[in-house]
Each structure stands twice: as C-alpha cells, then as structure tokens.
Amino acid sequence: MPTVDDILEHIGEFNFFQKQTFFLLALMSVAFTPVYVGIVFLAFTPDHRCLSPGAAELGRRCGWSAAEELNYTVPGPGPAGDAFPRQCRSYAVDWNQSALGCVDPLAGLAANRSHLPLGPCLHGWAYDTPGSSIVTEFNLVCANSWMLDLFQSAVNVGFFIGSVGIGYLADRFGRKLCLLVTILINTASGVLMAVSPNYTWVLIFRLIQGLVSKAGWLIGYIQITEFVGRSYRRTVGIVYQVAFTVGLLLLAGVAYVLPHWRWLQFTVTLPNICFLLYYWCIPESPRWLISQSKNAKAMRILKYIAKKNGKSLPASLQSLRPDEEVDEKLNPSFLDLIRTPQIRKHTLILMYNWFTSSVLYQGLIMHMGLAGSNIYLDFFYSALVEFPAAIIIILTIDRIGRRYPWATSNIVAGAACLASVFIPEDLQWLRVTVSCLGRMGITMAFEMVCLVNAELYPTFIRNLGVLVCSSMCDIGGIITPFLVYRLTNIWHELPLVVFAVVGLVAGGLVLLLPETKGKALPETIDEAENMQR
C-alpha cells in the first residue's frame, strides 16, 4: 500500500494546492503574534507619579512647568530594595498652607526633604504617555502591581491547558474541526476583551484567548507539514515561523499608530474572523484520516489535491481501501507518549528543549537592555534578529541535518549567556552584541524544536505530541519573569549563569535524538521506535 509521501511525489509535493494552503495558514501565524507578545503594548507600564490635588493647584497658581512640579512634589528615590518606590508615595503635607512659596515650597517645612512624612497615593497616578494601556486604565501599579503579573501569567496558563486539551481533541476529532473552533473562540474572546468594562473581565477573556490561540497556531503548523512532501517539510515549517516574526514587525507598527490598548486589541483581533472562511478552503489532513481508518475520505482529498495541482493520480496508487486493508482505528492516548522506550526518550528531551527555548528566549530579551527607551523601536530591532536565524537554518538544515544545527544553536545561546557574565559594563556594545548572538541562537533552537517535534511522532499522536511537549514552553513563560527578578536580587548576573547551564544541557541532549533529515514521517509506533536505527 503506498504512503501519502509516495502519492505526493506523483501529484505534487509543493504545487499550487500546497502553496495556497501554506499562504492561508501563514496568515494565521502572523495573526497569532499579538496574542503571544502583544502584552508588551497592551500592558505597557509608562513612567508615573502620585497625583496630589493640592500640589497640582499650587503648581497652577505658581505657573510651574511639569518638570518643576515633579521636582517639588515627588519624593526622591528611596534606599535600594525599598518596598515603596518614589512612584508609590507622596508627601503627607497640607499643600494649602499659606506659608508655602512658589520656589521650593517644601523648604520652609523641613531643611531636608527626607525628614518629611510620606504617605500612599490616595488620588491615583499621572502617567507619562500619550496613549493608554491596561496598566494606566486600571492603575496596575504599586500595591496593585501583582494584578499585572497575574494578567501576564493568565495567557501562559491558557496556553498550557489549551495545548494539552485541544491537542488531544485535534488527534481525536480532526485538525480541521478543532482549527475552526479555536479561530471562532479566539476572535470572540479577543473582541470581548477589547470592550470589557473592568479588569476582571479583561483577565477572563485573556485567559480564554490563551486556551485556544496557541493550540490553533500549532494545529496550523501540523496541517501544513502533513500536506507537503518530505523534501519541503523543513522549509514550510521554518517559513511558517518566519511569518510569526513578520507579525512582530507589523505589531510594532500597528501599536505605534494605535497607542490606545482597546483600539489596538480590537484591530489585531477582528481580522481573525476571516479565517473562518478556511472551512471552504482547507480540507482535512489525509494523513489523519488514514490514521483513523477513513481511507476513502483520504483518497478523495488526495484526488482533490491532484486536481488542484493539475496532476492525475495513477491507478497504481489508488489502492487505499477502507476497513478490510487497514488495522483497527487508533485513538490517541497520553500514555502513547511514554509507553515505548524511544518515544519516551523523545518526549522527555523535547519537553526539556521546549522549556529551555522559552526560558532563554524571554530571559535574554529581559537582559538585552537595548539603548534608548522607545518601546516601538526596541521591539522592532529585537524582532529583526530573528530573520538571520531563519536564513541560517534554511541554508544548513538540508546539508548538515537537524541535530547538529539544533544542538549548536542551544550551545551558542548558553555560551553567550555565560560570556555576558564576564563582560565589563563599560563595554556595552559588546554586551549587546553577545546578547543578540544569544537571541539568534535561541531563536534557531525555538524554530528547530517545533520542526523536529512534528517529525518524531507517528501520525495518530503527532498533534498530541507537539502540543503536550510544547506545553513546557508555557511553563517556562510563566516562571521566567520570577526567575529573572528573584535571582537578580541575589546577584545581578545569576540568571545568566542559570540560562547558560540550561542551554548547554539542552544542546547535549539534542544529540541523543535521531536524525530526521530526508526521512518520511513515521505512520506507526514501530516506525517511530526504529528511527534511531
């Protein structure tokens, strides 16, 4: 009986149908960007200070500039580790006293301002930004800053739960159905988040978006790798992720034009509704149908692909028969990911590498410290680093294979973290260069783990395997901010030491995986078990 790869060699491995399908699914990859990293703009925390109505009134009478009001009325920075930074406190004085003059009004109350009593912000904050974010609208600063941490964690919690749950459903009920359902829920929850009246509802709809958006992105990745021939899998897998990088650049531009978070959220979410038209454009995966003993439907779709590609399906390849020529229908189970020794090894190594990629990717962004304070330019420049990573992968992956470029990228990222520890602070250009090198390395590792993950599992658990393993990426996303900031309190460079160890170990573990260059996707457990040989 011919395999799907055998049939695709005759009807086209990457002809008109595959190119059209890839373009449509790549648009979904672009649209996923705002959900994954849009928090940079949605929850941007600008410079802010306590509002003091009395001080503001005195400033208006005296004709103070904004800088003078800030200098006269806002306390200076507290000692290192102060639990109440200057933005979170105000002078507890009566600003209506007639003794207060217009030049350094507090000088008459105390020779040293540090002796003046301080109190909490009772009248809110003034934010130095022309737009708005969730932080400025709901005042998620100072005592309420934990609510911002919760908002940032909610989407990653949703990613984690959705990856496992929807991954199982996609392998059980089909790629197409789950893809369309995730598109619908993602669009509805994103729009509702944009019009939510309070923080609680924003948090709920953000969590729902997380539950479905990443799962939908990964289902699209699985679909395109199952539609193309083996010689094109790596290219479409990498370019599908490059589409995500394009989304990063577009997001920076849209956020610059729309600095108000509600309009930004609405603008980047509403176009997703167009993806529901994919019901008529993208068929079910024939590989999944064969794994479910639905060979007749699979053959109809393969004939449809041949027709779209302007090819004819030879009679000798139309040998798929339902029921009597296939084993019983296979239903995916989480136990299938650890039941057999080789697949169990693959699962554990892939889970660790997903975790490593997430921790280093986000951690290096936190430590890069790009010059300047323009959030839009900083975001844009950091995204540009990802394009050379994709080019390097495309140039090396078919010549060298998967394992060695993947292992090298992890080792480079880990080595860059370790080197940064020993670079003096006055050599800022060198620190930035090494950080960019590490960012490029871990970006390559991120793209490689997504590509190889799909190649190591048999068809009937492929979607489940990718989504379960990638769920460790979400665990990494949840803990990375706490890892960075807590360890920094002990020693500023300690997070980089941890990143270096984690990255170097990941590079070594990759070498224990089988090489998948030029190999057909495994269809059964036995084929996956024998890949190492």
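Residues numbered from 1 in each chain as written. Predicted model: local features only at pLDDT ≥ 70, side-chain atom pairs only at ≥ 80, totals over all residues. Heavy atoms only, no water.

The name that an unreviewed UniProt entry assigns to the protein chain is Solute carrier family 22 member 2, with the source organism given as Canis lupus dingo. As stated in UniProt under Sequence similarities (unreviewed entry), the record for the protein chain gives "Belongs to the major facilitator (TC 2.A.1) superfamily. Organic cation transporter (TC 2.A.1.19) family." (UniProt positions renumbered as here; feature names shortened; annotations may be inferred.)

Helices and strands together make up the secondary structure of the protein chain, namely 21 helices and four strands. Within the protein chain, buried positions represent 53% of all 533 residues. Across the protein chain, the fraction of contacts at a sequence separation of at least 24, relative to all contacts at a separation of at least 6, is 82%. When the accessible surface of the protein chain is split by element, carbon and sulfur atoms take 66% of a total near 23,000 Å². (Helix = DSSP H or I, 4+ residues; strand = E, 2+ residues; numbered from the N terminus. Buried < 20%, exposed > 50% of the residue type's maximum accessible area, 1.4 Å probe, protein only. Contact = heavy atoms within 4.5 Å. Areas by Shrake-Rupley, 256 points an atom, 1.4 Å probe, with all protein chains shown as cover.)

This part is about the nonpolar core. Inside soluble globular proteins, nonpolar side chains tend to come together where they are buried. Counting 135 residues, the largest nonpolar core has Ile134, Phe151 and Trp406 as its most contacted members. The leading source of residues in this core is helix 9 (residues 199-227), at 13 residues. If sequence neighbours within four positions are ignored, Ile134 has contacts with Leu42, Ala43, Asn139, Leu140, Phe151, Met193, Val202 and Trp261. In this structure, Ala55, Trp64, Tyr91 and Val93 belong to the second largest nonpolar core, which totals nine residues. (Core = buried A, V, L, I, M, F, W, Y, C linked by side-chain atoms within 4.5 Å.)

Attention shifts here to the confidence of the model for the protein chain. In low-pLDDT regions, the fine details of the predicted coordinates are not to be read closely. For the protein chain, per-residue confidence averages 81 on the pLDDT scale, and 89% of positions sit at 70 or higher. With pLDDT under 50 throughout, residues 79-83 is counted as low confidence; its partners more than four residues away or in other chains account for one contact. This stretch, residues 321-327, has a pLDDT under 50; its non-local contacts, to residues over four places away or in other chains, come to eight contacts. (pLDDT = per-residue confidence, 0-100.)

Within helix 15 (residues 375-384), the full set of buried residues consists of Ile375, Phe379, Ser382 and Ala383. For helix 15, the buried positions fall inside an angular range of 100 degrees around the axis, keeping them on one side. (Arc of directions from axis to C-beta.)

Given two aromatic rings, one states the distance between the centres and the angle between the planes to describe the pair. Counting across every chain of the model gives 18 aromatic pairs. Ring geometry for Phe17 and Phe227: centres 5.3 Å apart, planes at 80 degrees, overall edge-to-face. Taken together, the residues Phe17 in helix 2 (residues 16-37) and Phe227 in helix 9 connect sequence positions 210 residues apart. There is no split in this pair, since Phe17 and Phe227 are both buried. Considering the side-chain rings of Tyr279 and Trp280, the 5.1 Å spacing of their centres and the 85 degrees angle between planes classify their relative orientation as edge-to-face. Taking the relative accessible area as the measure of exposure, Tyr279 reaches 48% and is therefore partly exposed. The rings of Phe32, Phe159, Trp217, Tyr221, Tyr240 and Phe244 are connected pair by pair, giving a single aromatic cluster. Across the ring face of Tyr404, the terminal group of Arg403 is positioned such that the distance to the ring centre comes to 5.3 Å. If you follow Arg439 out to its NZ or CZ, it ends over the ring of Tyr361, 4.7 Å from the centre. (Phe/Tyr/Trp six-rings, centres within 6.5 Å; stacked < 30°, edge-to-face > 60°. Lys NZ or Arg CZ within 6 Å of the ring centre and 35° of its normal.)

If you check helix 20 (residues 494-510), its first and last C-alpha atoms are 25 Å apart, about what 17 residues at 1.5 Å a residue would give, namely 24 Å. If you check which residues of helix 20 are buried, you get Pro495, Leu496, Phe499, Ala500, Val502, Gly503, Ala506, Gly507 and Val510. (Expected span 1.5 Å × (residues − 1).)

Relative to the assigned elements, Asn309 resides in the loop between helix 13 (295-308) and helix 14 (341-368). A relative accessible area of 10% means that Asn309 is categorised as buried. Residues within four places of Asn309 in sequence aside, it is in contact with Ile11, Gly12, Asn15, Phe16, Phe17 and Gln18.

Here the focus is unusual backbone geometry. Phi at Asn139 takes a positive value of approximately 55 degrees, unusual for a residue other than glycine. Inspection of the secondary structure puts Asn139 in the loop between helix 6 (134-138) and helix 7 (145-173). For Asn139, a relative accessible area of 24% translates into the label partly exposed. Not every positive phi belongs to a glycine, and Ser293 is a case in point at roughly 65 degrees. Residue classification places Ser293 among the buried residues on the basis of a relative accessible area of 14%.

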